[in-house]
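Chain and residue survey
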Amino acid sequence: MVGKLGRSRARNLCILLAGLVLGQAILYGPSLVGKKILLPVDLLAQPATYLPRDSDFTNLEPQNLALSDRTDMFEPARRFATAEWHAGRLPSWAPYEFGGVPFIWPKFSPFLAFECLTASPVVLAWGQVLQALVAGLGLFLFCRFTLGVSFWPATIVSWCYPSSAFFVLWQGYPTCLPVVWLPWILCAVDQVARDTHRLAPAGLVGLTCLVLISGHLDVACQVLLAAGVFALSVINRTPGNSRDARRVSVRIILALGLGLLLALPYVLPVLDYSRDGARIARRAAGEAERPPAGLVSLAELILPHTGGSSQTGSLRITGQTESETAVAGYVGLVATLVAAPLAACYRRRRWLGLMLCLLAFIGLAWSLDVPGLVWLLRVPPLNFMSQNRLVFITGFSILALAAEGLEALRQGQVRLGRWWVAPASLLALLYLWCMYRTFHLPEAVGPLLEQRVEAGEHFDWLHDLAGVHRVQDWFSTHAAVAASLCAAALGCWVCLRWKPAWQPRLVAVLGVLCVAELIWFSSERVIQSDPNLYYPKIGALAEVAAAGRVRVIGWHCLPASLAYMAGLADVRGYDGVDPARMVNLLATTSDGWFGGYPYALTQWLAPAFKPNSDGTLTLPSVLNMLGVRYVVFRRPPPTPLHAAFHSEDYWVVANSAALPRVFVPGRVETISDEAACRARLGSAGFDPREVALVNSELALPQVCRGSAEVLSETPSKIVLQAQMQTAGLVVLGDNWDSGWRAWLDGRPAVVLRVNETLRGVISPAGSHRLILRYRPRSFYLGLVLSAFSFLCLLIWCARDRGQRRGPIVEARCG
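Owing to the predicted nature of the structure, the values given are computational and were not obtained by experimental measurement.

Helix and strand content of the protein chain: 27 helices and 20 strands. What you see for the protein chain is a C-alpha radius of gyration of 29 Å, in line with the 28 Å of a compact globule of 814 residues. Seen through its principal axes, the protein chain has C-alpha atoms that stretch 95 × 75 × 50 Å. Relative to its 814 residues, the protein chain shows a buried fraction of 57%.

Printed below as a string of structure tokens:
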């Protein structure tokens, strides 16, 4: 008997994993075998971006213009992290953007660590398979052990979960990675509350840590918010007296707290860096980057094609990209309007169904603009999160309810009263609406769009009437498919009403419909590209990189971070924080053109410049101070400029006034007011060779003389040699951060903030060796607290093992 049970479990596990892998193979098969790469590198062929305009790339049509962050920001970050890990260093400082900033990419994430095993982009598709396996297995365990459903209902929704809209629309972004752990942490909360296993608290501690370190911190906080709401419900349903409820509360809070402490080596440096970010400051002031959409969110949750798509061949007619709307909560029309409502017939632990309904409502509250809840989400610290992304909680809750509904069908528990008329009537109305839209397009893509295009307006990829007709065909086709799905779902309700004996058979029918619907939705949005487009070598940029480690800046081209893929560094950047001092300083150098987003203020910044008679140019003093030695053009530079390097449609012009990486200014002035200091730096007469500005008095001579050079460097360590005729200030043209430490001839020295945002160290006269290391206190404090958390966890587990109470019987939890 035991052997048969073991074989049965092994077979079921194989079925579950095979279905998860098969779904990923259908979506990402070419990338898994290396024929494609799971990146939208076709976007590099966009004008002025990266790829040269030659015959191979001229007619390349991008697949989705909204995915540029994956190529412009995340892939350079992955490649940098990979290089650092392979060199045996912790990737903590990114020198390739903003003149250097803390590297807040989730470097401790198990999923991103897997993707850093090799620099080859082939690993990206296999990383996606790993995420799908973890997410699907987590939902399976949640359904089996928390909801108490049987194998097939749990397996069906587990197959659906990795193909749900949030994972597909955010594929390739660290945004979705904490959500992978959502079912795991909810299951752990339930296990701790029911005291089913002595290691359950340790599991909850570890999962809390994994949620926080796996991806974007704001989404991780939203996952923990969902876990907290779920925990309140579990605690409220704890059997016994109030003492038992308090004991469960303490265990859950303690586990979540220890998990937070365990993750602090990642969390504290991110919070420390974000504190001075321009984007965070705007959110603190009450700005909502993506305001609520209202009732249209309900339509997009059920029919994700209502507002169009960001992909080429379609058009978004409701403003924001799909990933930032309620579409990200989509898990299928059949699951939402057939399987999930049937959860009302599921008899086991019915309070969990109500809890899931509450979570689904909370997840959609911001998008629906629900009074009260929207106000609450605007209150600090909740307003630092992107509240529109909470829809992932809605999608998860719907799938969990769908598992309960399928289980009720399997057991033949469905007894339809009059309530079934509500979802059936809604489906009938949606069917009629979709059929109407099949033949009567929305006004925004009808004759009005034709008139606007004929008048010369351009919309992303759409430039002519042929494109308009493609958009119209897309809307008609997807409306027809949605109508077919509505008809199939309505047919299921009809069968349940008049053929109740068919209930077990409908489990398979609904399962096939749910999986097929999500695979169809996902397959359209998966972007796979030709490997030949993956950051090919650019001759002119390669020549610049061979000339030494220098900084460049693009003029109306080459967005920030892309220079790193050519072995260069940029002073612009985009990392989701936008360090306020550097952003404000760079703003003084702009020529007034802006081609980016309000939350990526320097990504496409184009500098003002003055041509010189010798063919070089001169940049604003701030860029000279930062050591920007070359300006990249993607069209012939104006006369009399002469390109120092040229290939394809790249022209690289030298900046004759750029300062060396390290220099000693002639004198030092004190300006305590930051605004006045910034104005002085941006003035036409400011020369950083002659004067350095600091915010406190320094005991230095009126005239300082000396020189310095870089002997060696890694991203987080720089060794300088100073030859000083007098005492003076050795200035390094890199971004200042409180985490930098200095040693002068082996003795600790103070790293000063010079010229608003540079690093400087006082050196006495003579020859001196200066070492700067990036050692942020927040990271080391996090290590200490993490070690303390681990020690507390060991003590807790040892004590719990010795004084463990018997498990709470499931019947008492019902």
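Looking now at a nonpolar patch on the surface. Nonpolar side chains collect at one region of the surface, where Leu429, Tyr431 and Leu432 lie side by side and expose about 310 Å² of accessible area between them. Its place among the elements puts Leu432 in helix H18 (residues 421-439). By relative accessible area, Leu432 is classed as exposed at 54%.

The next subject is the packing of helix H5 (residues 151-160) against helix H17 (residues 391-410). Direction vectors running N to C along H5 and H17 enclose 150°, while the axes themselves pass 8 Å from each other. With respect to H17, the axis of H5 lies roughly antiparallel. Every pair of crossing elements has a handedness; the one defined by H5 and H17 is right-handed. On the side of H5, the interface is formed by Pro153, Ile156, Val157 and Cys160, while H17 contributes Leu399, Ala402, Ala403, Leu406, Glu407 and Arg410. Split by residue class, the contact of H5 with H17 holds 8 nonpolar, no polar and 2 charged.

Summed over the entire model, instances satisfying the criterion amount to 29 salt bridges. Notably, a salt bridge pairs Arg290 with Glu324, separated by 3.2 Å at the nearest N-O pair. Highlighted residues: Arg290 in the loop between helix H12 (278-284) and helix H13 (296-302) and Glu324 in the loop between H13 and helix H14 (333-339), separated in sequence by 34 residues. Glu324 shares its class with Arg290; the two are buried. Across the pair Arg753 and Glu674 runs a salt bridge whose closest N-O atoms are separated by 3.6 Å. Residue Arg753 is found in strand S18 (residues 752-754), and its partner Glu674 is found in helix H25 (residues 674-682); the two are separated by 79 residues along the sequence. Residue classification places Arg753 among the buried residues on the basis of a relative accessible area of 15%.

Attention shifts here to the packing of aromatic side chains. The final tally for this structure, using the stated rule, is 33 aromatic pairs. When the centroid spacing of 5.3 Å and the interplanar angle of 75° are considered together, the rings of Phe74 and Tyr173 count as edge-to-face. Placement of Phe74 in helix H2 (residues 68-86) and of Tyr173 in the loop between helix H6 (165-169) and helix H7 (182-194) is noted, with a sequence separation of 99 residues between them. Note on accessibility: Phe74 and Tyr173 belong to one class, buried. Geometrically, the ring pair formed by Trp420 and Trp498 is edge-to-face, given 6.0 Å between the ring centres and 90° between the ring planes. Taken together, the positions of Trp420 in the loop between H17 and H18 and Trp498 in helix H20 (residues 465-498) put the pair 78 residues apart, joining distant regions of the chain.

Conventions used here
Residues numbered from 1 in each chain as written. Predicted model: local features only at pLDDT ≥ 70, side-chain atom pairs only at ≥ 80, totals over all residues. Heavy atoms only, no water. Helix = DSSP H or I, 4+ residues; strand = E, 2+ residues; numbered from the N terminus. Rg over C-alpha atoms; globule rule 2.2 N^0.38 Å. Buried < 20%, exposed > 50% of the residue type's maximum accessible area, 1.4 Å probe, protein only. Patch = residues over 30% accessible without salt bridge, like charges linked within 9 Å, V, L, I, M, F, W, Y side chains within 5 Å. Areas by Shrake-Rupley, 256 points an atom, 1.4 Å probe, with all protein chains shown as cover. Salt bridge = Lys/Arg side-chain N within 4 Å of Asp/Glu carboxyl O. Axes fitted to C-alpha atoms, helices over the stretch in contact; angles between N-to-C directions. Parallel < 35°, antiparallel > 145°, perpendicular 65-115°, else oblique. Left-handed = near helix turned anticlockwise from the far one by under 90°. Contact = heavy atoms within 4.5 Å. Nonpolar A, V, L, I, M, F, W, Y, C, P; charged D, E, K, R; others polar. Phe/Tyr/Trp six-rings, centres within 6.5 Å; stacked < 30°, edge-to-face > 60°.

As far as function goes, none of this settles anything; it's purely spatial.
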